[in-house]
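Coordinate inspection notes
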Amino acid sequence: FNPALVGIEECIGGVPQLVHEAVRSLKDKEIETLMLDNIVLSGGNTLFTGFDKRLAKDLKTRYDVDCNIEAPAARSYSAWIGGSILSSLSTFRELCLTKDQYDEIGPTRIQYHCF
């Protein structure tokens with residue numbers, strides 16, 4: 001939780017700081033509260049024992065925010081499961097971009113296409 005210990009200075013506050021900054025960037029108190037009440041952990045590194053409790057404690061201690069953190073048992077596969085569900089939707093093809101569409105504008109094309 002302290003990247004500075006291994007020489008990473010860009011994010012001194014580690015995961016709690018990243019979560020806090022991401023939520024605060026929404027600039028809408030109601031959405032911020034909703035997001036903090038619905039934190040879902042995913043990925044292999046979140047499998048460290050006590051990761052969810054430590055994150056909740058650090059968010060409370062550092063930023064005085066209450067949150068609800070879900071830590072599903074299969075979270076090391078969450079991205080794969082989500083991708084599988086997304087690709088099985090009947091609307092999946094409508095969400096896809098061709099390489100030509102992407103190359104036309106670049107990464108901002110995704111914003112125009114999806115939002």
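Structure first, text after, so check above.
Small disclaimer: the values here were computed from a predicted structure and weren't measured. (Residues numbered from 1 in each chain as written. Predicted model: local features only at pLDDT ≥ 70, side-chain atom pairs only at ≥ 80, totals over all residues. Heavy atoms only, no water.)

Another point: the environment of Cys96. Examined against the element boundaries, Cys96 turns out to sit in the loop between α5 (92-95) and α6 (99-105). Residue class for Cys96 comes out partly exposed when judged on its relative accessible area of 27%. Residues Cys96 and Ile110, 14 residues apart in the sequence, show an inter-C-alpha distance of 9.3 Å. (Helix = DSSP H or I, 4+ residues; strand = E, 2+ residues; numbered from the N terminus. Buried < 20%, exposed > 50% of the residue type's maximum accessible area, 1.4 Å probe, protein only.)

A few words now on the pattern of salt bridges. For side chains bearing opposite charge, pairing can occur when the charged atoms are close. Within the structure shown, the criterion is met by seven salt bridges. With a shortest N-O distance of 3.2 Å, Arg54 and Asp58 are connected by a salt bridge. Taken together, the residues span about one helical turn, with Arg54 and Asp58 both in helix α3 (residues 51-63) at a distance of four residues. The class for Arg54 is partly exposed, based on a relative accessible area of 38%. Asp64 is the salt-bridge partner of Lys60, the closest N and O atoms lying 3.4 Å from each other. For Lys60, a relative accessible area of 37% corresponds to the partly exposed category. Among the residues examined, Asp64 registers a relative accessible area of 58% and is labelled exposed. Salt bridges here are not isolated pairs; linked through shared partners, they connect Arg54, Lys57, Asp58 and Arg62. (Salt bridge = Lys/Arg side-chain N within 4 Å of Asp/Glu carboxyl O.)

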